[in-house]
Amino acid sequence: MTVHHHLDDASIMRYASGDFDEAFAIIVASHIAMCDECRAAVRAAEAMGGAVMEAADSSPLAADAFDRLSRMLDMEPEKPLLTPEPTAGNVPLPLSRLIGRDLDQVPWRTIVPGMQRHRIDIASSTSSLYMLKIAPGRKMPEHGHGGTEMTLILEGSYSDVFGQFAAGDIADLDEHVEHQPVVDSDIDCICLVATERPTRFKGMVSRILQPLIGI
Amino acid sequence: MLSVLRTDMPIENPDPTADQDYLKALMMEVAASRDKASFEILFDRFGPRVKGMMEKSGASSDLAEDLVQDVMLTVWRKAALYRPDKGAVSTWIYTVARNARIDRLRRLPAQPYIDVETVMVASEDDSPEAEAIGSQQGDLVRNALDKLPSEQRQVVKMAFAEYKPHSEIARDLDLPIGTVKSRLRLAYRKLREELEDLA
């Protein structure tokens, strides 16, 4: 898959150090699963974690620490390691666990004509994760962000001031950004979205729309 | 048993390159022959460091001790998934420890991380740079870290060795979060440059 829009380097570092909440961990992992370049980037950042660990201060372990573990190993049945197949098609493995492998089977709910949404239930209280399915030619309301927002395209494409975003691309946007994506593919554009705090829409009509769209 | 694993081997070889090879050989022994003696050397080497990092990130001594058990048990169980051509032993153990911390300390699912590792193991499409990361001996990354300006090294250490969220680093250092992010970006880019030179 040729990906043109990648994660910000600060997000790569944040992922590698385990700092994202659930919604963002899922969307970032989903992009990384689709993007060779970001997989290499994460590996480099993790190498940094390894080097930092090698230089980290030690804290002495309990005297019986290894014996304790050793007894557990003796009781361990030797099970073959199961490695799941990385998902084929356009639903990456970290997402397919939540919605299955088929985008047509997602229980979409129509929000306004030409725009459907599916909320993904996660425990996180600070961020939300949902999917959008937007018809060709439709505009998203122009909006700024109360916090970080990421959008991963799974199918179709849209364009905004940052260029065209197609399957595998991620828009990794911080709070200072305002944009108005327009779907420019001849099929529906399906994307996964994580938002830190409710997105602020500009303009009266959009503000009225916001509780309805709920994004 | 490999000749490299004689019991008179020091726990850490003073030559960094030989040391990294030594750790890889230990991991391979654990994976291939379920060799407990090799595993104990890895345990002694990394266990106290994992504990230190967990304590710095807010775990009590007891919880940190339990997390070391979790981490090293996973290292034992998943030893066969470690790929010596794809990175240093410390990098792999770092990721296992990070995932254990997400799971136990932050009470979040580590599954997205595990899924990405599954994809990494399955993908053979390695860039020359990714190969360079794998084949280099870990000391290159350490040298790159040492060469960073101290303000960048400090945020890298806080993010990785103390698992501090970027927002908390900003608060602790009394900096805007944008400054923390840009220092991390700069540190990361410098490491990438070093690796690209190698590829």
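Residues numbered from 1 in each chain as written. Chains lettered and ligands numbered in written order. Predicted model: local features only at pLDDT ≥ 70, side-chain atom pairs only at ≥ 80, totals over all residues.

(A) Highlighting the overall build of chain A. Looking only at helices and strands, chain A features six helices and 11 strands. Taking the contacts inside chain A whose residues are at least 6 apart along the sequence as the reference set, 69% of them involve residues at least 24 apart. (Helix = DSSP H or I, 4+ residues; strand = E, 2+ residues; numbered from the N terminus. Contact = placed C-beta atoms within 7 Å.)

(B) Spotlight on the sheet that holds strand E5 (residues 149–155) of chain A. Residues and elements named next belong to chain A. Strand order in the open sheet formed by six strands is E1-E2-E3-E10-E5-E8, and the pairing between neighbours is antiparallel. Edge strands, defined here as strands with exactly one partner in the open sheet, are strand E1 (109–112) and strand E8 (170–173). Averaged over all pairs of adjacent strands, the angle between their axes in this sheet comes to 25°, without regard to strand direction. Inspection of the sheet shows strand E2 (residues 115–120) paired to strand E3 (residues 128–134) by six bridges, in the antiparallel sense. Residue Arg117 lies in a different strand from E3, and its bridge partner there is Leu132. (Pairing = 2+ DSSP bridges. Axes fitted to C-alpha atoms, helices over the stretch in contact; angles between N-to-C directions.)

(C) Summary view of the pairing of E8(A). All names here are of chain A. Because side chains alternate across E8, one face comprises the buried residues Ile170 and Asp172, and the other comprises Ala171 and Leu173, equally buried. In the sheet, E5 pairs with E8 via four bridges, with the strands oriented antiparallel. Counted as the bridge partner of Met150 is Asp172 from E8. (Buried ≥ 20, exposed ≤ 12 C-beta atoms within 10 Å, placed from the backbone.)

(D) Local environment of the nonpolar core. All names here are of chain A. Among the nonpolar cores identified, the biggest contains 112 residues, and Ile12, Ile27, Met48 and Cys191 are the most heavily contacted of them. Considering every element that reaches this core, the biggest residue donor is helix H3 (residues 36–54), with 11 residues. Apart from residues lying up to four places away in sequence, Ile27 is in contact with Leu129, Met150, Leu152, Leu192 and Ala194. (Core = buried A, V, L, I, M, F, W, Y, C linked by C-beta atoms within 7 Å.)

(E) Broad picture of the environment of A:Met115. Structurally, the position occupied by A:Met115 is in strand E2. The sequence separation of A:Met115 and A:Gln164 amounts to 49 residues, and the corresponding C-alpha distance is 19 Å.

(F) Expanded view of the interface of chain A and chain B. Taken together, the 52 residues of chain A in the interface contact 67 residues of chain B. Among the secondary structure elements, those contributing two or more residues to the side of chain A that touches chain B are helix H1 (9–16), helix H2 (22–34), H3, helix H4 (65–75) and helix H5 (93–99) of chain A. Here the element with the most residues in the side of chain A that touches chain B is H3(A); it accounts for 15 residues. Of the residues in the side of chain A that touches chain B, the class split is 31 nonpolar, eight polar and 13 charged. (Nonpolar A, V, L, I, M, F, W, Y, C, P; charged D, E, K, R; others polar.)

(G) The sheet that holds strand E6 (residues 157–160) of chain A, seen in detail. All names here are of chain A. Pairing is antiparallel across the open sheet formed by three strands, whose spatial order is E7-E6-E9. Sheet topology places strand E7 (163–166) and strand E9 (182–183) at the edges, where each strand pairs with a single neighbour. Inspection of the sheet shows E6 paired to E7 by four bridges, in the antiparallel sense. The residue of E7 that forms the bridge with Asp160 is Gly163.

(H) Summary view of the packing of H4(A) against helix H3 (residues 61–77) of chain B. Put simply, H4(A) and H3(B) touch, their axes get as near as 10 Å, and they point 45° apart. It follows from the interaxial angle that H4(A) and H3(B) lie oblique. Crossing geometry of H4(A) relative to H3(B) is assigned as right-handed. Where H4(A) abuts H3(B), its residues A:Ala65, A:Arg68, A:Leu69, A:Met72 and A:Leu73 lie against B:Glu65, B:Val68, B:Gln69, B:Met72, B:Leu73 and B:Trp76. Across the contact of H4(A) with H3(B), the residue classes tally to eight nonpolar, one polar and two charged. (Parallel < 35°, antiparallel > 145°, perpendicular 65-115°, else oblique. Left-handed = near helix turned anticlockwise from the far one by under 90°.)

(I) Looking closely at the packing of H3(A) against helix H7 (residues 139–147) of chain B. Closest axis-to-axis distance for the H3(A)/H7(B) pair is 9 Å, and the angle between their directions is 80°. As judged from the angle between their axes, H3(A) and H7(B) are roughly perpendicular. Across from A:Ala47, A:Met48, A:Ala51, A:Val52 and A:Glu54 in H3(A), the residues of H7(B) making contact are B:Val141, B:Arg142 and B:Leu145. Residue composition of the contact of H3(A) with H7(B), by class: six nonpolar, no polar and two charged.

(J) Representation of the pairing of E1(A) in the model. Residues and elements named next belong to chain A. As defined by bridge partners, E1 adjoins E2 across three bridges and the pair is classed as antiparallel. Along E2, the bridge assignment pairs Arg109 with Arg117. Here E1 folds back onto E2 in antiparallel fashion, the turn holding two residues, of which Gly114 has a positive phi close to 85°.

Keep in mind these numbers describe shape, not what the thing actually does.
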